[in-house]
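# Reading the structure
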Amino acid sequence: MTRRAWLLLPLASCARREQFVAAPERVSIAEPGQGMVTVEKVIKTKAEWRQALSPTRYWIMREAGTEQPFSGEYNQYDGPGVFRCAACGTALFSGDHKFASSSGWPSFWQPLAPQNLLKRQDGDRIEVLCIRCEGHLGHVFDDGPPPTGLRYCINSIALNLTK
Ligand code: FE
């Protein structure tokens, strides 16, 4: 090996390592008033989420807990607004699609934008999560009102209402 090659070796090794640094994962979400926007996913360790969220919110959003029915701040709310993910701010539901379900949890017959949600099978139910931070929101059932016949049954504490 020439002297010049020896000198360049550390640089070459750095360049190789760099290829293995994962690029931030991105998702396209709908943002009211802006259309589709591309954002980085919000990825944190369990310890970081514990720091970021209150204990109850952590239990519900990161450990798929369920709040007590009729206990949530938005259960009875019947006004306008955009309900955002309490962990990352993604717009998830609109007051226009909320209905009185008598279940004890905020209920919507459709999401603000389907792209902003992640759904996955959870036993015999379908779990609903935020696409950007993968925080647990609730479940979706097929006993909702027209026009969709769906009932997104969402923990109030996983939402922040913005007007
Ligand atoms: Fe989120």
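One can find the structure itself at the top, above this paragraph.
This structure is a prediction, so every number in the text was calculated from the model and none was measured.

### A short note on the overall build of the chain
The helix and strand inventory of the chain stands at three helices and 11 strands. Per-residue burial for the chain yields a buried fraction of 42% across its 163 residues. Long-range pairs, those at least 24 residues apart, make up 52% of the contacts in the chain with a sequence separation of at least 6. As displayed, the chain has an accessible area near 9,800 Å², and 53% of this comes from carbon and sulfur atoms.

### Quick look at the coordination of the iron ion
The protein atoms that coordinate the iron ion are C85 (SG), C88 (SG), C130 (SG) and C133 (SG), at distances of 2.3 Å. In primary sequence terms, the donor set of the iron ion follows C-x2-C-x41-C-x2-C. Of this pair, C85 sits in strand β3 (residues 82-85) while C130 sits in strand β8 (residues 125-130), placing them 45 residues apart in sequence. Judged by its relative accessible area of 2%, C85 is buried.

### Some details on the packing of aromatic side chains
Enumeration according to the criterion identifies five aromatic pairs in this entry. Considering the side-chain rings of Y77 and F83, the 6.0 Å spacing of their centres and the 80 degrees angle between planes classify their relative orientation as edge-to-face. Here the aromatic residues Y74, Y77, F83, F93, F108 and Y152 are joined through ring pairs into a cluster of three or more. The ring of W49 carries the charged tip of K44 above its face, separated from the ring centre by 5.4 Å.

### Description of the pairing of β3
Pairing analysis gives three bridges linking β3 to strand β4 (residues 91-94), with the strands arranged antiparallel. Looking across to β4, one finds that V82 is bridged to S94. Linkage of β3 to β4, two consecutive antiparallel strands, is achieved through a turn of five residues, within which G89 is found at a positive phi near 90 degrees.

### Digging into the environment of L161
Looking at the secondary structure, you find L161 in strand β11 (residues 159-162). L161 sits 75 residues away from A86 along the chain, and the two C-alpha atoms are 8.9 Å apart. Leave out the neighbours within four places in its chain, and L161 touches Y74, Y77, P80, G81, V82 and F83.

### With respect to the side chain of R151
Considering the arrangement of structural elements, one finds R151 in strand β10 (residues 151-154). The residues contacting R151, other than those within four sequence positions of it, are F99, S101, S103, S107, F108, H139, V140, F141, D143 and G144.

### A few points about the sheet that holds β11
Here we have three strands laid out as an open sheet, ordered β4-β3-β11, and antiparallel in their pairing. The open sheet terminates on both sides in strands that have one partner only, identified here as β4 and β11. Put simply, the sheet's adjacent strands are angled 35 degrees from each other on average, direction ignored. Sheet analysis places β3 next to β11, joined by four bridges and oriented antiparallel. Directly across from F83, in β11, lies its bridge partner L161.

### Focus: the layout of surface pockets
Approximately 160 Å³ is the volume found for the largest pocket. Considered class by class, the residues forming the lining of the largest pocket number six nonpolar, seven polar and two charged.

Definitions and cut-offs
- Residues numbered from 1 in each chain as written.
- Predicted model: local features only at pLDDT ≥ 70, side-chain atom pairs only at ≥ 80, totals over all residues.
- Heavy atoms only, no water.
- Helix = DSSP H or I, 4+ residues; strand = E, 2+ residues; numbered from the N terminus.
- Buried < 20%, exposed > 50% of the residue type's maximum accessible area, 1.4 Å probe, protein only.
- Contact = heavy atoms within 4.5 Å.
- Areas by Shrake-Rupley, 256 points an atom, 1.4 Å probe, with all protein chains shown as cover.
- Donors = N, O, S within 2.8 Å, 3.2 Å for Na, K, Ca; no water.
- Phe/Tyr/Trp six-rings, centres within 6.5 Å; stacked < 30°, edge-to-face > 60°.
- Lys NZ or Arg CZ within 6 Å of the ring centre and 35° of its normal.
- Pairing = 2+ DSSP bridges.
- Axes fitted to C-alpha atoms, helices over the stretch in contact; angles between N-to-C directions.
- 1 Å grid on protein atoms, 1.4 Å probe; cavity = no way out; pocket = protein on both sides within 12 Å on 5 of 7 lines; lining within 4 Å.
- Points joined across faces, edges and corners; volume = space filled by probe spheres on them.
- Nonpolar A, V, L, I, M, F, W, Y, C, P; charged D, E, K, R; others polar.

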